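# Understanding the architecture of this molecule
Here is how the chains run, residue by residue.
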Amino acid sequence: MDRKQFLATTFSAGLGLAIMPGFLSCAASRTVYEPFVPTTGSLKKVRGNVSRFTNRGGTVGLLETEDGFIVIDSQFPDAIQSILDGISAKGKPVLYLCNTHHHGDHTSGNFAFKAPDTKIVAHRRVPELQRLAAEKSNKLTEQRYPKVLFDKEHSIKAGRERITAYHFGNGHTYGDAMYHFETDNVVHMGDLMFINMIPVYRTADGSDSRNWVRVLEMAQSKFDNDTIFIFGHANTPELTVGRKADLAEMAGFLEASTQYVQKAIQENRSTEDLLKQSPHIPGFANRISPDRYQAFLEGIRQTLGG
């Protein structure tokens, strides 16, 4: 079964849950809101009151509650503005803005969230890393930093809704966090998940392929088979949501990549040799990103000390 067939099957199964008695009793006592239509980008419902927004930058997660909105990641100020306009038209505040990590395509838009009462949440390493990145890009005056910081786990309550953040260690960055919308059983994975792409890999930011595999394995263990996941990046917008099988595929890709580079180190083969042999990791022809592949291989080589 290919990935599109898998998504069709699993989402159909997920929709089937709506006829279960437990789901009906929950739905009867909870308002389910329809997503607004942004002027730019695409806002699509994932499940219940959770939606995902794709435009320019990492995928944004959105939860509407009776009292306001919880937003996951912020892209860039111009890219996120249509979401802020839609929220404003609903007459509700943004209660929380949660960052999955510090990279600019997930935090630059923080600056567009002007309401002083909006609480910005992230792992404790994010402000430091965000500031360092802003110094390099000469954008220190265009930042809004998280102030609600956590180490391993943090819970947010908004009316009857509960969102729990988890940090299982560094994989993509030192400050990776995933956010679980518990009522709707949706998890935003941030850039711990890339679909059909080579991931951004920077050891200075905390990228570690071996740890990354462990983090994805912990996520698979933590969340059940009904969980829907939102991914930081995919080669097409519709693939920014998926299931556990996608986490397993990503972990398998990272494990195969680590073994591939380790073997090259043992054979005294350079990155240039590997680039001549194949434009992708053997067995993962779906993951081709010519602009990132060399840096990815060199990054894993650094991780392995080779």
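Anything mentioned here points back to the structure above.
Residues numbered from 1 in each chain as written. Predicted model: local features only at pLDDT ≥ 70, side-chain atom pairs only at ≥ 80, totals over all residues. Heavy atoms only, no water.

### A closer look at the overall build of the chain
Across its full length, the chain holds nine helices and 15 strands. Compactness check: the chain gives a C-alpha radius of gyration of 19 Å against a globular reference of 19 Å for 306 residues, within 12% of the reference. C-alpha extents for the chain along the principal axes are approximately 65 × 50 × 35 Å. Buried residues in the chain amount to 55% of all 306 residues. When contacts within the chain are restricted to residue pairs at least 6 apart in sequence, long-range pairs at least 24 apart make up 63% of them. A total of about 13,500 Å² of accessible surface is found on the chain, and carbon and sulfur atoms cover 53% of it. Looking at the chain, you have 35 positive and 34 negative side-chain charges, and the mean spots of the two groups are 1 Å apart. (Helix = DSSP H or I, 4+ residues; strand = E, 2+ residues; numbered from the N terminus. Rg over C-alpha atoms; globule rule 2.2 N^0.38 Å. Buried < 20%, exposed > 50% of the residue type's maximum accessible area, 1.4 Å probe, protein only. Contact = heavy atoms within 4.5 Å. Areas by Shrake-Rupley, 256 points an atom, 1.4 Å probe, with all protein chains shown as cover. Lys, Arg positive; Asp, Glu negative; His and termini not counted. Charge placed at Lys NZ, Arg CZ, Asp CG, Glu CD.)

### Brief notes about the packing of helix α7 (residues 244-266) against helix α9 (residues 290-303)
Close contact between α7 and α9 brings their axes to 9 Å; oriented N to C, the two are set at 70°. Relative to α9, the element α7 lies roughly perpendicular. Residue-level contacts link Phe-253, Leu-254, Ser-257, Thr-258, Tyr-260, Val-261, Ala-264 and Ile-265 of α7 to Tyr-293, Phe-296, Leu-297, Ile-300 and Arg-301 of α9. (Axes fitted to C-alpha atoms, helices over the stretch in contact; angles between N-to-C directions. Parallel < 35°, antiparallel > 145°, perpendicular 65-115°, else oblique.)

### Some details on the environment of Asp-78
Checked against the element boundaries, Asp-78 lands in helix α3 (residues 77-89). Looking at Asp-78, its side chain comes within polar contact range of the side chain of Arg-56, at 2.7 Å. (Polar contact = N/O pair within 3.5 Å; in protein donor to acceptor, adjacent residues only side chain to side chain.)

### Topic: the side chain of Gln-143
With respect to the helices and strands, Gln-143 occurs in the loop between α5 (126-136) and β7 (148-150). In terms of polar contacts, Gln-143 uses its side chain to reach the side chain of Gln-130, at 2.9 Å. Reaching out from Gln-143, the side chain makes a polar contact with the backbone oxygen of Lys-139 at a distance of 3.1 Å. Every residue in contact with Gln-143, bar those within four places of it in the chain, is listed here: Phe-111, Gln-130 and Ala-134.

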